[in-house]
Amino acid sequence: MSAVDAAVPDRRRRTRLLLLALFVFAVGLRLAFYLWWRQLPGATWIDPDGYLAQGRLLGGRPGGWSWTPEAVRYSGEYFKAPLQTLFLSFFARVVPHSYGATVALVEIVLSASLVPLVWALATSLHSTRAGWVAAWVTAVDFSQLQLCIVFRQEELYVPLLTAAMALLLRALDRPDSRRLALAAGLTLGLAALARSMPIYFVFLVGVAAVAGLAGTQRLRRPLYLWLAGFASVVIAYSVFISIQVGHLLPIENIGSYGITRGIPRYIDRAPSLGETAGLLWTEMRQSPLQFAEGMVGKARGLFGLAVGRGLVEFLPLSTVEEATVVKLAAHLLDDLPIALAVLLAPFGAILARSRRGVALLLLWIAVNVALIALANYTGPRFRAPLVPFLT
């Protein structure tokens, strides 16, 4: 064995130890933020979408855990994706008396798990050095610090999504590894059960693969396995929930809620996919310029500064000194990194060593931005699924 060959295991061991140390640092930083927040006067759990309550609906019943479609109902015929509620229901059942605190601690670990996941993603796309830069930025990301006190789907969705994309990039680098491709598809399927956005991305990639636009047959093979893994998860739940509610429901339909808001006939009745497309087409046809301006404005809003409203919403700060320190930290550890990431992303795409990987991630970002804008949503919260791929 040559000296070079002998050094490889040592280098890998050193990398794992450094990643573990950075993960532990990220956990400690989030835990410190959480403990500081707990002592603030008026600090209460933030559950804007009702996930804590719906987790209790499944897991907190006297007779034991039992399923009900009401746990994923948002309003009327509008339903949300199930995974966050199912995930929380486990803790509602096992630790009912410390439910919120336990979930917050678990979310701290989930948030910190982005450190090695983003490292793997950036290393596949660029280099080990780029991986460490991305991992450090993720470890100190102020928006991630705040997520441990807020119960939303992003806490579970974003780590699953990042893991799925990291696995997919590895599978593309090793087209003969069936396990990697299948694992990537299954993981993305689970992410879709937390928020259904990946369905649209996978559909476009599937069309490209079938049309022969994704390289040679050998290079397309991992994509077919990836599609199969994804479909096995998504179709199984979609069939199940559609039978439960009595109509076709591809995981969720809450995305159309922002489009139908203010239309009387859709207050409790959710539109079909065809009706939703018709509403958007009518709006675009009536005023194309205004529609385009609105789309651009909402897309731009995804990358706006997050500081002001977020601090007021999440942190009951009582002194000017506290507010000043937190605002400065948020500017340095949230606003500045995202601004640099958006500015440098085009150069990163050009210099990436994985052309197919970059193409997939650019498609993912484009699909997200377009669908969020079409659904009439905007703001820093909705960029969370983009940040790991821009960092």
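Residues numbered from 1 in each chain as written. Predicted model: local features only at pLDDT ≥ 70, side-chain atom pairs only at ≥ 80, totals over all residues. Heavy atoms only, no water.

### Quick notes on the packing of aromatic side chains
All told, the structure shown has 17 aromatic pairs when counted by the stated rule. Ring centres of Trp-67 and Phe-240 lie 5.8 Å apart, and the angle between their planes is 55°; on these two criteria the pair is classed as tilted. Of this pair, Trp-67 sits in the loop between helix H2 (51-59) and strand E1 (73-75) while Phe-240 is found in helix H11 (residues 217-245), placing the two residues 173 residues apart along the sequence. Residue classification places Trp-67 among the partly exposed positions, given a relative accessible area of 23%. Overall, Phe-240 belongs to the partly exposed group, its relative accessible area being 36%. Between Phe-87 and Phe-91, the ring centres sit 5.3 Å apart and the planes meet at 75°, which makes this aromatic pair edge-to-face. (Phe/Tyr/Trp six-rings, centres within 6.5 Å; stacked < 30°, edge-to-face > 60°. Helix = DSSP H or I, 4+ residues; strand = E, 2+ residues; numbered from the N terminus. Buried < 20%, exposed > 50% of the residue type's maximum accessible area, 1.4 Å probe, protein only.)

### Examining the pattern of salt bridges
Tallied over the entire structure, the rule returns six salt bridges. One salt bridge in this structure joins Asp-49 and Arg-381, with 2.9 Å as the shortest N-O distance. Taken together, the residues span a long stretch of sequence, with Asp-49 in the loop between helix H1 (3-38) and H2 and Arg-381 in the loop between helix H17 (355-374) and helix H18 (387-390) at a distance of 332 residues. Salt-bridge contacts for Asp-334 lead to Arg-383; the nearest nitrogen and oxygen are separated by 3.6 Å. Here the residue Asp-334 occupies a position in helix H16 (residues 320-351), and Arg-383 occupies one in the loop between H17 and H18, the gap between them amounting to 49 residues. Residues joined in a network through salt bridges with shared partners are Asp-49, Glu-154, Arg-195 and Arg-381. (Salt bridge = Lys/Arg side-chain N within 4 Å of Asp/Glu carboxyl O.)

### Quick notes on the layout of surface pockets
By volume, the second largest pocket is sized at about 570 Å³. What lines the second largest pocket is a set of 17 residues, among which Arg-12, Thr-15, Trp-119, Thr-123 and Arg-170 lie closest to the centre. Broken down by secondary-structure element, the contributors of at least two residues to the lining of the second largest pocket are H1, helix H5 (114-125) and helix H8 (154-173). Of the residues belonging to the lining of the second largest pocket, the class tally is six nonpolar, four polar and seven charged. (1 Å grid on protein atoms, 1.4 Å probe; cavity = no way out; pocket = protein on both sides within 12 Å on 5 of 7 lines; lining within 4 Å. Points joined across faces, edges and corners; volume = space filled by probe spheres on them. Nonpolar A, V, L, I, M, F, W, Y, C, P; charged D, E, K, R; others polar.)

### Here we look at helix H10 (residues 198-210)
In an α-helix there are 3.6 residues to a turn, and that puts residues three or four apart on one side. The terminal C-alpha atoms of H10 lie 18 Å apart, and with 13 residues this matches the ideal 18 Å at 1.5 Å per residue to within 8%. Here H10 has its buried residues at Pro-198, Phe-201, Val-202, Val-205, Gly-206 and Ala-209. When H10 is viewed along its axis, its buried side chains cluster within an angular range of 135° and face the same direction. In H10, the exposed residues that point more than 90 degrees away from the buried face are Phe-203 and Val-210. (Expected span 1.5 Å × (residues − 1). Arc of directions from axis to C-beta.)

### Considering the nonpolar core
Considering soluble globular proteins, one finds that nonpolar side chains tend to be buried as a cluster. By size, the foremost hydrophobic cluster in this structure holds 85 residues, and its most contacted members are Ile-149, Met-165, Leu-188, Phe-201, Trp-226 and Trp-364. Looking at this core element by element, the count peaks at 11 residues for H8. Once you skip the residues sitting within four places of it in the chain, Leu-188 turns out to touch Leu-161, Ala-164, Pro-198, Phe-201, Val-202, Trp-226 and Phe-230. Counting eight residues, the second-largest nonpolar core is a separate cluster that includes Tyr-51, Leu-52, Leu-88 and Tyr-99. (Core = buried A, V, L, I, M, F, W, Y, C linked by side-chain atoms within 4.5 Å. Contact = heavy atoms within 4.5 Å.)

### Section: the side chain of Thr-138
As for its position among the elements, Thr-138 is in helix H6 (residues 128-139). Discounting chain neighbours no more than four positions away, the residues touching Thr-138 are Arg-30, Leu-114, Val-115, Val-118 and Thr-391.

### Remarks on H8
When the terminal C-alpha atoms of H8 are compared, their 28 Å separation across 20 residues agrees well with the 28 Å that a helix rising 1.5 Å per residue should span. Among the 20 residues that make up H8, 17 are buried, leaving the element largely enclosed by the rest of the structure.

### Re unusual backbone geometry
One non-glycine residue, Ile-251, adopts positive backbone phi at about 75°. Tracing the backbone shows Ile-251 in the loop between H11 and helix H12 (257-260). Even without a glycine there, the phi angle at Asn-376 is positive, about 65°. Of note, Asn-376 is situated in the loop between H17 and H18.

### Some details on a nonpolar patch on the surface
Taken together, the side chains of Leu-328, Leu-332, Leu-336, Leu-340, Leu-343, Leu-344, Phe-347, Ile-350 and Leu-351 define a hydrophobic patch exposed on the protein surface, amounting to about 970 Å² of accessible area. The topology assignment puts Phe-347 in helix H16. A relative accessible area of 52% means that Phe-347 is categorised as exposed. (Patch = residues over 30% accessible without salt bridge, like charges linked within 9 Å, V, L, I, M, F, W, Y side chains within 5 Å. Areas by Shrake-Rupley, 256 points an atom, 1.4 Å probe, with all protein chains shown as cover.)

### Details of empty space enclosed by the protein
In this structure the tally under the stated criterion is one cavity of 30 Å³ or more. Space inside the largest cavity adds up to approximately 50 Å³. Looking at the largest cavity, the residues that line it are Glu-107, Leu-110, Ser-111, Leu-114, Gln-144, Leu-147, Glu-154, Glu-155, Val-158 and Pro-159. Every element with two or more residues in the lining of the largest cavity is listed here: helix H4 (99-112) and H8.

### Notes on the packing of H2 against helix H3 (residues 83-94)
Relative orientation of the contacting elements H2 and H3 amounts to 65°, with a least axis distance of 7 Å. For H2 against H3, the interelement crossing comes out right-handed. Residue-level inspection shows Tyr-51, Leu-52, Gln-54, Gly-55, Arg-56, Leu-58 and Gly-59 of H2 in contact with H3, the latter providing Gln-84, Thr-85, Leu-86, Leu-88, Ser-89, Ala-92 and Arg-93. Partitioning the contact of H2 with H3 into residue classes produces six nonpolar, six polar and two charged. (Axes fitted to C-alpha atoms, helices over the stretch in contact; angles between N-to-C directions. Left-handed = near helix turned anticlockwise from the far one by under 90°.)

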